[in-house]
Amino acid sequence: FELANLRTFTYDGLELEQDSGVENSCGGIVWESAFCLTKFLESADAFARWGRRRKKLLELGCGCGLIGLVAARAGAVTVMTDVKEVAFGACSRNVERNVEAKAFGEHAPPTVKALDWEREDELNEVIAIGPYDVVLGTDVVFSVKLVGPLLTCIERTLKKSSSSVCYVCIQRRSP
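Since the structure is predicted, the reported quantities are computational estimates derived from the model, not experimental observations. (Residues numbered from 1 in each chain as written. Predicted model: local features only at pLDDT ≥ 70, side-chain atom pairs only at ≥ 80, totals over all residues. Heavy atoms only, no water.)

Student: Sorry, what's going on with helix H6 (residues 147-157) here?
Tutor: Because an α-helix completes one turn every 3.6 residues, residues spaced three or four positions apart along the sequence face the same direction. Buried within H6 we find Pro 149, Leu 150, Cys 153, Ile 154 and Thr 157. Seen from one end, H6 has its buried residues packed into an arc of 135°, which puts them on one side. Next to the buried residues of H6 lie strand E3 (56-60), helix H5 (120-129), strand E6 (134-138) and strand E7 (165-169). (Buried < 20%, exposed > 50% of the residue type's maximum accessible area, 1.4 Å probe, protein only. Helix = DSSP H or I, 4+ residues; strand = E, 2+ residues; numbered from the N terminus. Arc of directions from axis to C-beta. Contact = heavy atoms within 4.5 Å.)

Below is the structure:
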């Protein structure tokens, strides 16, 4: 995946910086599954639909923020989360960069929050902003021990409604 080697790239007018040097995390770059889910949701007109309806969207493990930036630009009320080192690194810089470029037009930029799924204080802070109509995550599980905390996080943040949706896209990398 050659894009992972680029320091910066543009996606449909959004400028993104990647940081492959984030310590103890692989969240500083955009993985293939983020592009996959973004393209799928664009083709289904989901971002535009959520934006028109001002849906509240939570991105788990946002990395440098591709999906959250696309959702916010469409008008969804977006909260992007990742571990502190990632959230307040390239992700926050990408939000600032695109605010300066006026990429969000009349829509609010996304909010960035630190979220380690096993830290109750961080999870409570994200829950307080919700509940969320939409929860998204891409390549957020690279270890079996993360599955339980991920499912708990989704259960606690997703609005209890038949119209709420959750998409988790993961690329299989090993048998």
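Student: Looking at this structure, I do not really get the state of the cysteines. What am I missing?
Tutor: Put plainly, two cysteines are in a disulfide when a covalent bond ties their sulfur atoms together. All told, the structure shown has zero disulfides when counted by the stated rule. Left without a disulfide partner, Cys 91 is nearest to the cysteine sulfur of Cys 62, which lies 3.6 Å away. Judged by its relative accessible area of 0%, Cys 91 falls in the buried class. Residue Cys 153 stays outside any disulfide, its sulfur separated by 9.4 Å from that of Cys 166, the closest cysteine. (Disulfide = S-S within 2.5 Å.)

Student: Please clarify how the nonpolar core should be interpreted in this entry.
Tutor: One broad rule of soluble globular proteins: the nonpolar side chains tend to lie buried together. Membership of the largest hydrophobic core comes to 32 residues, with the highest contact counts inside it found for Trp 50, Leu 66 and Leu 136. If you list the elements that add at least two residues to this core, you get strand E1 (8-11), strand E2 (14-17), helix H1 (32-43), helix H2 (46-52), helix H3 (66-74), helix H4 (84-100) and E6. Among the elements that make up this core, the one with the highest residue count is H3 (six residues). Among all residues touching Leu 136, those that are not within four sequence positions of it are Leu 37, Leu 41, Trp 50, Leu 57, Leu 58, Glu 59, Leu 60, Ile 67 and Tyr 167. Val 126, Tyr 132, Val 135 and Cys 153 belong to the second-largest nonpolar core, a separate cluster that totals 16 residues. (Core = buried A, V, L, I, M, F, W, Y, C linked by side-chain atoms within 4.5 Å.)

Student: Just checking my understanding: could you explain unusual backbone geometry for this structure?
Tutor: The phi torsion of most residues other than glycine is negative, and most of the peptide bonds are trans. Gly 130 connects to Pro 131 through a cis peptide bond whose omega is 5°. As for its placement among the helices and strands, Pro 131 is situated in the loop between H5 and E6. Positive phi outside glycine occurs at Asp 45, with the angle close to 60°. Among the secondary structure elements, Asp 45 is positioned in the loop between H1 and H2.

Student: So what exactly am I meant to see when it comes to H4 here?
Tutor: Given a rise of 1.5 Å per residue, 17 residues ought to cover 24 Å, and the 23 Å separating the end C-alpha atoms of H4 matches this to within 8%. The largest bend along H4 reaches roughly 35° and is located at Cys 91. Within the sequence span of H4, burial applies to Val 86, Ala 87, Gly 89, Ala 90, Cys 91, Ser 92, Asn 94, Val 95 and Asn 98. Of the surrounding secondary structure, the elements contacted by the buried residues of H4 are E2, H3, strand E4 (77-82) and strand E5 (111-114). (Expected span 1.5 Å × (residues − 1). Bend = angle between axes of the 7 residues up to and from the residue.)

Student: Honestly, the sheet that holds E7 in this entry has me stumped. Any pointers?
Tutor: What holds strands together in a sheet is hydrogen bonding between their backbones, with the strands either parallel or antiparallel. With parallel pairing, five strands are arranged side by side in an open sheet as E5-E4-E3-E6-E7. Edge strands, defined here as strands with exactly one partner in the open sheet, are E5 and E7. Shown here is a sheet whose adjacent strand axes are inclined to one another by a mean of 15°, direction ignored. Bridging between E4 and E5 involves four bridges; their strand directions are parallel. What sits directly across from Asp 82, in E5, is Ala 114. Contacts from H5 reach E3, E4 and E5, with the element oriented near 155° to E5. (Pairing = 2+ DSSP bridges. Axes fitted to C-alpha atoms, helices over the stretch in contact; angles between N-to-C directions.)

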